[in-house]
Structure formats: C-alpha cells, structure tokens
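Residue-level structural notes
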Number of protein chains: 2
Amino acid sequence: MKSNKRILLVEDDPNFGRILKDYLTLNNYEVSLAVNGIEGFEKFNRSDFDLCILDIMMPFKDGLTLAREIREVNELIPLIFLTAKNLKDDVLKGYKIGADDYLTKPFDSEILLAKIKSILNRKPNVSTEEKDTFEFEFGDFNFNSKLRILTHKEGESFKLSPKENQLLKMLVLNFDDLLPRDIALNKIWRDANYFTSRSMDVYIAKLRKYLDNDPSLKIINVHGEGFRLMKE
Amino acid sequence: MKSNKRILLVEDDPNFGRILKDYLTLNNYEVSLAVNGIEGFEKFNRSDFDLCILDIMMPFKDGLTLAREIREVNELIPLIFLTAKNLKDDVLKGYKIGADDYLTKPFDSEILLAKIKSILNRKPNVSTEEKDTFEFEFGDFNFNSKLRILTHKEGESFKLSPKENQLLKMLVLNFDDLLPRDIALNKIWRDANYFTSRSMDVYIAKLRKYLDNDPSLKIINVHGEGFRLMKE
DNA sequence: AATAGATATTAACATTTCATTAAGAAATTT
DNA sequence: AAATTTCTTAATGAAATGTTAATATCTATT
C-alpha cells in the first residue's frame, strides 16, 4: 500500500525531529526533515510537498515566520503547527496565517496521525500542480498521462508504467528542448547517482521502442547533458 | 459585518450550551442549539447549516452516533467535536467519522473562534457533489443507486449491497476516467490501508461479475493508481 | 437472547506489473 | 587507445492486483 504523501517537517530539536520523522515514515509518509526555518524554506522550494509540520519555537527563523513565507508561495498547502506549551497567542497567530491545525507538545502521535490523514483526505493532492495538463499530442501520438496511455493514431495503444509515464511527460513538456538528466533524475527518481542514471537509460530505451511507431520522432542523447525529444 | 454563517450546536449541559451559543452569536454567527443527539439530528435535517459543533458525551444519542448520521446525509459539512480531556479514543473515532477538528473541554473560546473561522474560510472543496443524481445509464445497464438495483436491459436484475453500490456509483460518475484508489477508499471505507484496499479489490471483482453481462464494459486497473470503468 | 441471512473482511494463493541491477556492446570524448 | 558515457536485453525480486473461499460482523426477526 503506497501513500507516497510527502511531508515537510521543520523541527529544531534533533532528537525529537528524528523520532517524529521515523514514526511518520513507518506510517508510509515520505518525510523531509529540516532543522530550522531557513533550511525549511529552502527544502520547501526545492520540491513538492503535500503537507508541512512546523515547530513554532525555533532559532533564526521561527515557525510562524516560515509559515508566512510558505503562504506567500503556496496558499493551499496544509500547515500544522507544533507549539511548546499552550501558547495561546501563537495558536491564534497560526490560525491567522492559515494554519489547518496545531498541536501542543507533548502530543499523542496517534492523534497527529489522525489529523494528518483527515487533512490530506479533505484536500486531495495539493502538490499535483499540473493537474489540468495530462493530455498531449505529438507526432502521431496521443498521450494521456493521467491514464498512462500512449495511443498511436490508427495504431496500437501502450499502457505505460509509472516511471515511463513520468519520463515521457517530462520529455513532452520539454519537446524539442533539452531535458537535463539530473533534473529528471531528481524529479522522478528523487536522487541522482550512478544507479538511478542507469535506470533512467533503461526507461529511455523503453520509450524509444514505443516511439518507433512514428519514425519521425526521436529521443536524442546530448552527451553528458541529457535527452531531447524531437521531430524529424 | 454580518457573517450569516449558521452553526448547529449540540450540547446537553444547558448552562454551558447557553453561554457558548451567546458567545458565538455575539461573534456574528447564527446558532441553533440542541440539547441532545435526537433533537440535534432533527434540527440538522430541518435546515441548512455551515458547520456543526457536537458534544460527544450526551444522553440518548452521543455525538459520535449523531455525527455518523449526519455524515450519511451530508458528507461535506465540517464537524467539530467537544470532548472531555484524555478521551483519546473518542478523538480517534471522531476523526475516522470525518471530523474536521476537536476541542478538549475546558477550552479557550478564542481558540474555538479561530478554528471556526479557519474551517469556514477554507477554500470550498471542489467536489460539487452530484448528490441528487441516482439514476444512471451505461452500456446495457440501468443503475438506480438509490434503490441499489442494477438492471440489464432485457436481462436480469441485481440487488447491490451498500458497498457494491457506492463503488459502482463512483465508477459511473467517473465513467471512462480514472477513479483513484485512495479517493474511493477514503470516501467509502473512510480509511486507506492494506486491508481496506484488499477489500476494495474484492468488490471490484464482484462488480466485474455483474458487468460481464455486457461484454463491451470493462473495469480496467491502472496499476498503482486506481480503476477505470469504460466501454469497448 | 437466538438464529438466519446478508454483508463485509480477511486469508490464501495465483498472476501481473514494475523497478532495479547486471552485463556486454556501442558510441563519444579525451 | 583509454576512459567515460550511453544503449539494450535479460534476470531478479518486490509490490500490486485477481480470485475464491473461509471467517467475521451486522441486522432483522422471532
């Protein structure tokens, strides 16, 4: 059972942060831990999350400030605050910024889990930004990335695997332009190393096989840089 | 600065209920007070509210039971529970029913107000419920989701169980499109885990058996994503 | 309360899908 | 020519799904 929901956790106490991260990971969330507001904001901007859990009391940049910055960029992502005591003022400020909930430490982990579920449940896939664009035309193909189907006009249909699908989508979105290897690796494989890179090559090969049905389409390699989907 | 938002407050302690009602009224909400679950449900059905605040511990019909009944009729209305301190079990049950939040008594009225505001200000959920439509045609079938009957034209009729019915309805509402697994699980099973997921698979198998009567209809699996009811 | 019938969940096993890794060939750069 | 990067096929194991049957739970009626 994959949930694959991504949580950004910002907590300055390393012990507590680590434990909480592990606990959430055990419950099938993908958790990124930042130890202060500055790092938190960087991480937030570098990838897509479904929910943020922010400690309020932190050095350098406190959780409320961080929340305001996040809200400027993304006004929908659910925010949960952790407050040390029952600092009513913080709670009220939090709600004003647009918090979805808060928890006072110490809190019960099961309740946190229930809250997370409840929140993610009523705000379906916030992070799926490109929700509207899932249908593409290129060459002789029609490509539906939501249903993961690649159809050759007056030809056969291919069911794509999740990775094939993501990779093809990125290529199509950059049609005739370079898709840098490490960008694709970081987005799809969430990591860029020798092995993920080999894996990506395998998927390029698979996509090429599909695209053979329209001989005018090509996936060109730019040595050391990446790939380029093009016509002719 | 009139808000016009209507709140149903169900609280058996008459003193506390009265005070809370007055407090909310002062803050520009229109409050209807019921003193037990039975009266609460009657009031709920008699008019439209924007939010419900339910005490859990009540004679005759407790808040959780009331919440379940309300959820059957209206699956979107926000619910806030009031619970005595330390009743973790109640809290978890509440979330499972689809609570939006809970407060432990005694609570701070300003915080309650902040919560209410936060919940009511939430961007209205996109799901424009097609609550009223309960009769569908697809393939050779006529499907009445209110009576839970699936009829094959010039063929036999099937009485559907509640779960079969809900699942088929969601598939039909998303005809030819993806019905994401976790959306269906959260809506029908109110939880998404390994076991509910297996249960769902069993129901898909049952539906497929019914649909065999029109060989042009198929329920296709999109691996890792969900199912798709389609023709051809 | 007891029981039967309907409904829902869980178990078990088969099948399919998928991602990764290995391994050797080919291409490109130095 | 040596080193690096890319190409392609195949093998492997893990995870998701299909299916049937066995339990468990619920509901209505006696």
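Residues numbered from 1 in each chain as written. Chains lettered and ligands numbered in written order. Predicted model: local features only at pLDDT ≥ 70, side-chain atom pairs only at ≥ 80, totals over all residues. Heavy atoms only, no water.

A few points about the overall build of chain A
Worth spelling out the cut-off: Helix and strand assignments come from DSSP, with helices taken as H or I runs of at least 4 residues and strands as E runs of at least 2, each series counted from the N terminus. Each residue is placed in one exposure class: buried if its accessible area under a 1.4 Å probe, protein chains only, is under 20% of its type's maximum, exposed if it is over 50%, and partly exposed if it falls in between. The contact definition used throughout considers only heavy atoms, calling two residues in contact when any of these lie within 4.5 Å. Only the protein chains shown count as covering a residue, and every accessible area follows the Shrake-Rupley method with a 1.4 Å probe.
On a plain count of helices and strands, chain A comes out with eight helices and twelve strands. In terms of principal-axis extent, the alpha carbons of chain A reach across some 65 × 35 × 30 Å. Within chain A, the proportion of its 232 residues that are buried is 48%. Pairs at least 24 apart in sequence give 54% of the contacts found in chain A among residues at least 6 apart. On chain A, roughly 11,600 Å² of surface is accessible, and the fraction owed to carbon and sulfur atoms is 53%.

Comments concerning the protein's contact with DNA strand C
Cut-off, in case you're wondering: Proximity criterion: a residue is near a molecule or strand once any of its heavy atoms comes within 4 Å of it. Pairing of N or O atoms within 3.5 Å defines a polar contact, subject to two protein rules: one partner must be a possible hydrogen donor and the other a possible acceptor, and residues neighboring in sequence count only if both atoms are side-chain atoms. In this classification, Asp, Glu, Lys and Arg are treated as charged, Ala, Val, Leu, Ile, Met, Phe, Trp, Tyr, Cys and Pro as nonpolar, and every other residue, Gly included, as polar.
The environment of DNA strand C is formed by 22 residues, the closest being Arg148(A), Ser161(A), Trp189(A), Tyr203(A) and Ser161(B). Across the atoms of DNA strand C situated within 4 Å of the protein, the share located in sugar and phosphate is 82%. Take Ser161(A): an N or O atom from its side chain is 2.4 Å from a phosphate oxygen of DNA strand C. Mapped onto the surface near DNA strand C, the elements with two or more residues apiece are helix H6 (162-173) and helix H8 (194-211) of chain A together with helix H6 (162-173) and helix H8 (194-211) of chain B. Top element by residues in the surface near DNA strand C is H8(B). It accounts for five residues. Residues that form the surface near DNA strand C fall into these classes: ten nonpolar, six polar and six charged.

Things to note about the domain arrangement of chain A
Heads up, the condition is: Start and end positions for the domains come from either an automated domain assignment or a database one.
In terms of domains, chain A is made up of domain 1 (5-122) and domain 2 (135-231). Taking only C-alpha atoms, the centre of domain 1 of chain A and the centre of domain 2 of chain A are 35 Å apart.

Description of the pattern of salt bridges
Keep this limit in mind: Just to be clear on terms, a salt bridge is a Lys or Arg side-chain nitrogen sitting within 4 Å of an Asp or Glu carboxyl oxygen.
Going through the model one piece at a time under the given rule, you end up with 33 salt bridges over all chains. Three or more residues joined by partner-sharing salt bridges are found here, namely Asp101(A), Lys115(A), Asp101(B) and Lys115(B).

Focus on the sheet that holds strand S12 (residues 226-231) of chain A
Residues and elements named next belong to chain A. The line we're drawing: Here, strands pair whenever DSSP counts at least two bridges between them. Every axis corresponds to a line fitted to the C-alpha atoms, with the helix fit spanning only the stretch in contact, and the corresponding angles, defined between N-to-C directions, vary from 0 to 180 degrees.
The three strands lie next to each other as S10-S12-S11, forming an open sheet whose pairing is antiparallel. Unpaired on one side and paired on the other, strand S10 (178-180) and strand S11 (217-222) mark the two borders of the sheet. Between one strand axis and the next, the sheet turns through 25° on average, direction left out of account. Looking at chain direction, S11 and S12 are connected through six bridges and run antiparallel. Its bridge partner being in S12, Val-222 is matched across the sheet by Gly-226. Sitting on the sheet, H8 is in contact with S11 and S12, with an inclination near 155° to S11.

Re the packing of aromatic side chains
Threshold: We call Phe, Tyr and Trp rings a pair once their centres come within 6.5 Å, taking the six-membered ring for Trp, and we label the pair stacked below 30 degrees between planes, edge-to-face above 60, and tilted otherwise. Geometrically, a charge over a ring is one whose NZ (Lys) or CZ (Arg) sits within 6 Å of the ring centre while staying within 35 degrees of the ring normal.
Considering all chains together, one arrives at 16 aromatic pairs over all chains under this definition. A ring pair is formed by Trp189(B) and Tyr203(B), whose centres lie 6.0 Å apart and whose planes are at 65°; its orientation type is edge-to-face. Of this pair, Trp189(B) sits in helix H7 (residues 181-189) while Tyr203(B) sits in helix H8; the two residues are 14 residues apart in sequence, bridging distant segments of the chain. The pair formed by Trp189(B) and Tyr203(B) is uniform in burial state, with each residue classed as buried. Ring-pair connections join several aromatic residues into one group, and the members of that group are Phe138(A), Phe141(A) and Phe175(A). A cation over an aromatic ring shows up here: Lys146(A) above the ring of Phe134(A), its NZ or CZ 5.0 Å from the ring centre.

Description of H6(A)
The following threshold applies: Expected span of a helix, by definition, is 1.5 Å for each gap between consecutive residues, and there is one gap fewer than residues.
Taking 1.5 Å per residue, twelve residues should reach 16 Å; H6(A) reaches 16 Å between its end C-alpha atoms and fits that length. Taken together, the buried positions of H6(A) are occupied by Glu164(A), Asn165(A), Leu167(A), Leu168(A), Lys169(A), Met170(A), Leu171(A) and Val172(A).

A look at the pairing of strand S4 (residues 79-83) of chain A
Residues and elements named next belong to chain A. Definition in use: Note on handedness: a crossover is taken as right-handed if, strands pointing away from the viewer, the path from the first strand over the helix to the second is clockwise.
When you tally the buried positions in S4, you get five out of five residues, the bulk of the element. Burial along S4 is two-sided: the residues Leu-79, Phe-81 and Thr-83 and Ile-80 and Leu-82 are all buried. The pairing of strand S3 (residues 51-55) with S4 spans four bridges and is parallel. When the sheet's bridge partners are listed, Asp-55 is paired in S4 with Leu-82. Handedness of the β-α-β unit built from S3, helix H3 (residues 63-73) and S4 comes out right-handed. Here S4 runs beside strand S5 (residues 101-104); their pairing, made up of four bridges, is parallel. Note on S5: the bridge partner recorded for Phe-81 is Tyr-102.

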